[in-house]
Amino acid sequence: GARLFQYVLAGFDVLILTYIVGSSFFSRESWMEVVDFVFGVGVVIEFVLRLWAAKSLKEEVLHPQTAIDLVVIASLIAPLTGQNLAFLRALRITRVLTAYRFIRQLRADVAFFRNNPAAVNAGINLVVFLFLMTALVYETQHYVNPEIRNYGDALYFTVTALTTTGFGDITLVGNF
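All figures in this text were calculated on a predicted structure; none of them were measured in a lab.

(A) Broad picture of helix H4 (residues 64-77). In a regular helix each residue adds 1.5 Å, so 14 residues correspond to 20 Å; H4 covers 20 Å between its end C-alpha atoms and thus fits that length. Every buried residue belonging to H4 is among Gln65, Thr66, Asp69, Val72, Ile73, Ser75 and Leu76, and all of these are buried.

The structure is reproduced here in structure tokens:
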């Protein structure tokens, strides 16, 4: 049961991240705030269950991921109050970094994870880095830079900057 629950949570995280990226391609509408709120309630439920199941409540409350989860929850629920903290939803990907038990479980259940631990770790770190940098570029630029309209544009800029292949068709605005 616990193993299935962890797989369901991983699927939930993938669903949230897919929604975050996908919603950037559309103009903000009221239905998106409802979806944000539903995801926020789901994260709250997961958060409360995690606290309830913790061996040490004090250790769990003081863990850095707990603070990140509270920020993510606020960013998902805050749009209902008129706040624009949507970019903070991208911090949910850091959950992957703290899922060592889950990755250990994947190694036991899936041969690819068991046979390629270094590649899996490198891949996870690369995806997390790319996603966070893309979110940073997107959130700092999409209001002021007409060349960055969605996560796809921000990802393009991030990858071309990271690989140093050069670009010129998209540049950042400002001194940041």
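(B) Just the pattern of salt bridges, in detail. Under the definition given, this model contains four salt bridges. A salt bridge links Arg50 to Glu60; its shortest N-O distance comes to 2.8 Å. Of this pair, Arg50 sits in helix H2 (residues 30-53) while Glu60 sits in helix H3 (residues 57-62), placing them 10 residues apart in sequence. For the pair Arg50 and Glu60, a shared accessibility class is recorded, and that class is buried. The salt bridge partner of Asp153 is Arg149, with a shortest N-O separation of 3.5 Å. What emerges from the salt-bridge pattern is a single network uniting Glu46, Arg50, Glu60 and Asp69.

(C) Quick look at the packing of helix H8 (residues 117-141) against helix H9 (residues 151-163). Packing of H8 against H9 leaves a shortest axis separation of 8 Å and a crossing angle of 120 degrees. Classified by the interaxial angle, the pair formed by H8 and H9 is oblique. In terms of crossing hand, the pair formed by H8 and H9 is right-handed. Two secondary-structure elements touch here, H8 through Leu126, Phe129, Leu130, Met133, Thr134, Ala135, Val137, Tyr138 and Glu139 and H9 through Tyr151, Ala154, Leu155, Phe157, Thr158, Val159 and Leu162. Taken together, the residues that form the contact of H8 with H9 break down as 13 nonpolar, two polar and one charged.

(D) Geometry of the packing of helix H1 (residues 2-23) against H2. Between H1 and H2, whose axes approach to 12 Å, the crossing angle comes to 155 degrees. Judged by the angle between their axes, H1 and H2 are roughly antiparallel. Crossing of H1 against H2: the hand is left-handed. Side by side, H1 and H2 meet where Phe5, Leu9, Phe12, Leu15, Ile16, Tyr19 and Ser23 of the first sit next to Trp31, Met32, Val35, Asp36, Phe39, Gly42, Val43, Glu46 and Leu49 of the second. Across the contact of H1 with H2, the residue classes tally to 12 nonpolar, two polar and two charged.

(E) Representation of H1 within the structure. Its 22 residues place the ends of H1 31 Å apart at the C-alpha level, agreeing with the 32 Å of an ideal helix rising 1.5 Å per residue. All of the buried residues in H1 are Leu9, Phe12, Asp13, Ile16, Leu17, Tyr19, Ile20 and Ser23. Buried residues of H1, seen end-on, are gathered within an arc of 155 degrees and therefore sit on one face of the element. Exposed residues pointing more than 90 degrees away from the buried face of H1 are listed as Leu4, Val14 and Thr18.

So, how was this worked out
- Residues numbered from 1 in each chain as written.
- Predicted model: local features only at pLDDT ≥ 70, side-chain atom pairs only at ≥ 80, totals over all residues.
- Heavy atoms only, no water.
- Helix = DSSP H or I, 4+ residues; strand = E, 2+ residues; numbered from the N terminus.
- Expected span 1.5 Å × (residues − 1).
- Buried < 20%, exposed > 50% of the residue type's maximum accessible area, 1.4 Å probe, protein only.
- Salt bridge = Lys/Arg side-chain N within 4 Å of Asp/Glu carboxyl O.
- Axes fitted to C-alpha atoms, helices over the stretch in contact; angles between N-to-C directions.
- Parallel < 35°, antiparallel > 145°, perpendicular 65-115°, else oblique.
- Left-handed = near helix turned anticlockwise from the far one by under 90°.
- Contact = heavy atoms within 4.5 Å.
- Nonpolar A, V, L, I, M, F, W, Y, C, P; charged D, E, K, R; others polar.
- Arc of directions from axis to C-beta.

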